[in-house]
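Structural features, examined
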Amino acid sequence: MDWVVLGILAYVVVQLIVGVLLSRRIRTAEDYLLAGRRLGYPLAAFSIFATWFGAESCIGAAGAAYDRGIPGVLTDPLGYALCLLVMGLVLAAPLWKMRLTTIADLFRIRYSGLVEKIAVLLMVPTSLLWAAAQIRAFGVVLSASSPWTVTFSITVAALVVVLYTVMGGLLADATTDIIQGIAVMAGLAMLLPLVIADQELTIANLSLFRNQSLSGTGWLNMLEALSVPVCGSLVAQELVSRVIASKSDKVARRSSVFAAFAYLIVGIIPVGMGLAGLDLVPGLGDAEQILPVLAQKYFTPALYALFAGAIVSAILSTVDSALLACSALLFHNMILPLRPSAGERQKLLLNRVGVVAMGLFAYVLALHAEGVYHLVKEASSFGSAGIFVVVMFGLFTSFGGSRSATSCLLTGASVWLVAEYGYDLSFSYLTALTASVLTYAAVGLIDRRSGTALRVGR
């Protein structure tokens, strides 16, 4: 199927050309990271949708549904759709009005430079894991469409995504998001009726839908599965950058709400494909290849090439955002403050060098990961419990200060690591979230009483 590989690569080349052309409009670091803060409704809405609708939805969620049924995919699409909805209804307008460059700026403005640095050190690994998930998914698609091994395909994928990200920027990414968003929607919409109409997919063969229900999951398991994408991804730089790059707070808010409903509607399709796939393609060695395999089975070669290209395009969009997030957090919040005299050319160069370095780290992670779905869960969980709590307190209250935030961030990350890897708890994220809230509140109360005592004593 070499010609299919050529078709995918041709689609990638088109993406690269668009990125190169639009990159000529980049003059400053703000242009590169935030598209000059001029995203309108189409660019903002499709970019928010496409950034999250990537490997985890098309490849990871379908594979998890194939492997574990409905309980395996609570996180996606429901969790991420809820995340986008909460962003639009609650956080989008306040974040936009702060005129931030990264979410870490909020930690410096509201708390201190120390809190900002700790937050960056916790968020960068999250974005790296997210980028690794997309690179691995790219490799899975290439491997399923060619005689190449998964390892070789992941290597090719890493080279392509790093090149694409270095050349482009948020404006190029947002522009190509419209193209790939429409292409993915069209491809899934065309594939769905073909799968449903298959004569092999009879009512008798759909026992998986009846047996793999949520009835035995338990409310704590469901809450854990939903809290990871909602709380963990709500304050991710990849999403926040789209919100603060919008041209107004109304655009940011309404685009997020639109993206949430689009994500839920379109995201159900890959999950359904994975559930049906166990009957249609039994015994698949790699569950994450179920969506490409079904597309090969029902599409003509030409349609499959277009569909695979659209999936690759969606993955490119997501990994672009993740690598940009890493670069922005590291260089805007950690390195550039040490070089206040740096000009715009130097800032742009440093951000692009950062993208290359982060791409190499993500490539290594992608090679050694258990799978796309596993990577995404880890990306949304690591350190984000404390970050979520600090952002919510800092954005909507005046309670707590630098000590509260620092203690909360360190507690959230430590508790999650111990609960997840030390004790293998089923509710590791909820445990970390609870510990973060209690720590922030306790230290905040201690500081408030200490301050009151000092004032009274004087």
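What you see is a predicted model; the values in this text were computed from it and never measured. (Residues numbered from 1 in each chain as written. Predicted model: local features only at pLDDT ≥ 70, side-chain atom pairs only at ≥ 80, totals over all residues. Heavy atoms only, no water.)

This part is about the overall build of the chain. Per the secondary structure count, the chain includes 20 helices and zero strands. Counting across all 458 residues of the chain, residues that qualify as buried make up 59%. (Helix = DSSP H or I, 4+ residues; strand = E, 2+ residues; numbered from the N terminus. Buried < 20%, exposed > 50% of the residue type's maximum accessible area, 1.4 Å probe, protein only.)

For the pair helix H13 (residues 249-280) and helix H14 (residues 290-298), interaxial distance at closest approach is 10 Å and the crossing angle is 65°. Handedness of the H13/H14 crossing: left-handed. On H14, the residues that touch Met 273, Gly 274, Gly 277 and Leu 280 of H13 are Ile 290, Leu 291, Leu 294, Lys 297 and Tyr 298. Here the contact of H13 with H14 is composed, by residue class, of six nonpolar, two polar and one charged. (Axes fitted to C-alpha atoms, helices over the stretch in contact; angles between N-to-C directions. Left-handed = near helix turned anticlockwise from the far one by under 90°. Contact = heavy atoms within 4.5 Å. Nonpolar A, V, L, I, M, F, W, Y, C, P; charged D, E, K, R; others polar.)

Let us now look at the nonpolar core. Counting residues in hydrophobic clusters, the biggest one holds 141 residues, and the most contacted among them are Leu 95, Phe 107 and Phe 138. Looking at which element gives the most residues to this core, the answer is helix H15 (residues 301-335), with 18 residues. (Core = buried A, V, L, I, M, F, W, Y, C linked by side-chain atoms within 4.5 Å.)

So, on to the packing of helix H9 (residues 170-196) against H13. At a minimum axis separation of 10 Å, H9 and H13 run at an interaxial angle of 40°. Between H9 and H13, the angle is such that the two are oblique. The handedness of the crossing between H9 and H13 comes out as left-handed. Contacts between H9 and H13 pair Met 185, Leu 188, Leu 191, Leu 192 and Val 195 from the former with Ala 262, Val 266, Ile 269, Pro 270, Met 273, Ala 276 and Leu 280 from the latter. When grouped by side-chain class, the residues that make up the contact of H9 with H13 number twelve nonpolar, no polar and no charged. (Parallel < 35°, antiparallel > 145°, perpendicular 65-115°, else oblique.)

Topologically, Ser 256 is positioned in helix H13. Residue class for Ser 256 comes out buried when judged on its relative accessible area of 0%. Apart from the residues lying within four places of it in its own chain, the contact partners of Ser 256 are Ile 48, Leu 84, Met 87, Gly 88 and Val 243.

Attention now moves to the pattern of salt bridges. Summed over all chains, the structure comprises eight salt bridges. The partner of Asp 31 in a salt bridge is Arg 38, with the nearest N and O atoms 3.8 Å apart. With a relative accessible area of 33%, Arg 38 lands in the partly exposed category. Two residues, Arg 108 and Glu 116, come together in a salt bridge whose shortest N-O distance is 2.8 Å. A relative accessible area of 2% places Glu 116 in the buried class. The structure contains a network of salt bridges with shared partners spanning Asp 105, Arg 108, Glu 116 and Lys 117. (Salt bridge = Lys/Arg side-chain N within 4 Å of Asp/Glu carboxyl O.)

Okay, helix H16 (residues 344-368) next. Between its first and last C-alpha, H16 extends 37 Å over 25 residues, near the 36 Å set by a 1.5 Å rise per residue. Where H16 is concerned, the buried positions are Leu 348, Leu 350, Asn 351, Gly 354, Val 355, Met 358, Gly 359, Ala 362 and Ala 366. (Expected span 1.5 Å × (residues − 1).)

One non-glycine residue, Ala 35, adopts positive backbone phi at about 55°. Position of Ala 35 among the secondary structure elements: in the loop between helix H2 (29-34) and helix H3 (41-52). The backbone phi angle of Arg 99 is positive, close to 55°, even though this residue is not glycine. For Arg 99, the location among the structural elements is in the loop between helix H5 (75-97) and helix H6 (104-110). Accessibility expressed as a relative area gives 47% for Arg 99, which makes it partly exposed.

Moving on, we get to the confidence of the model for the chain. Summarising the model, the chain shows a mean pLDDT of 82, and 88% of its residues fall at 70 or more. Per-residue pLDDT, averaged within each element of the chain, yields its smallest value for helix H10 (residues 207-211) (46) and its largest for H6 (96). Every residue in residues 202-211 scores below 50 in pLDDT, and together they form eleven contacts with partners more than four places removed in sequence or on other chains. Confidence drops under a pLDDT of 50 for residues 452-458, and excluding neighbours within four residues, the segment shows zero contacts in the predicted structure. (pLDDT = per-residue confidence, 0-100.)

Our focus in this paragraph is the environment of Ala 29. Of note, Ala 29 is situated in helix H2. Not counting chain neighbours up to four residues away, the residues in contact with Ala 29 comprise Glu 344, Lys 347, Leu 348 and Asn 351.

Our focus in this paragraph is the packing of aromatic side chains. Tallied over the full model, the rule gives nine aromatic pairs. Ring centres of Tyr 111 and Tyr 440 lie 6.5 Å apart, and the angle between their planes is 80°; on these two criteria the pair is classed as edge-to-face. With a gap of 329 residues between them, Tyr 111 in the loop between H6 and helix H7 (113-144) and Tyr 440 in helix H20 (residues 428-457) connect regions that are remote in the sequence. The pair formed by Tyr 111 and Tyr 440 is uniform in burial state, with each residue classed as buried. Where Trp 416 meets Tyr 421, the ring centres are 5.8 Å apart and the plane angle is 90°; that geometry is what we call edge-to-face. The exposure class of Tyr 421 is exposed, given its relative accessible area of 54%. Joined through ring pairs, the aromatic side chains of Tyr 111, Phe 393, Phe 399 and Tyr 440 make up one cluster. Lying over the aromatic face of Trp 96, Arg 99 brings its terminal NZ or CZ to 5.5 Å of the ring centre. (Phe/Tyr/Trp six-rings, centres within 6.5 Å; stacked < 30°, edge-to-face > 60°. Lys NZ or Arg CZ within 6 Å of the ring centre and 35° of its normal.)

Next up on the list: a nonpolar patch on the surface. Together, Val 13, Ile 17 and Leu 21 give the surface a local cluster of nonpolar side chains, amounting to about 260 Å² of exposed area. Note that Leu 21 resides in helix H1 (residues 2-23). (Patch = residues over 30% accessible without salt bridge, like charges linked within 9 Å, V, L, I, M, F, W, Y side chains within 5 Å. Areas by Shrake-Rupley, 256 points an atom, 1.4 Å probe, with all protein chains shown as cover.)

On to helix H19 (residues 402-422). Taking 1.5 Å of rise per residue, 21 residues should cover 30 Å, and H19 covers 29 Å from first to last C-alpha, within 8% of that figure. Among the residues of H19, those classed as buried are Ser 404, Ala 405, Thr 406, Cys 408, Leu 409, Gly 412, Ala 413, Trp 416, Ala 419 and Glu 420. In the stretch just after H19, Asp 424 is the one whose phi turns positive, near 55°.

As a further point, take the environment of Leu 365. One can find Leu 365 in helix H16. For Leu 365, a relative accessible area of 32% corresponds to the partly exposed category. The spacing of Leu 365 and Ala 133 is 232 residues in sequence and 8.4 Å in space, taken between C-alpha atoms. In contact with Leu 365, other than residues within four places in its own chain, are Leu 128, Leu 129 and Ala 132.

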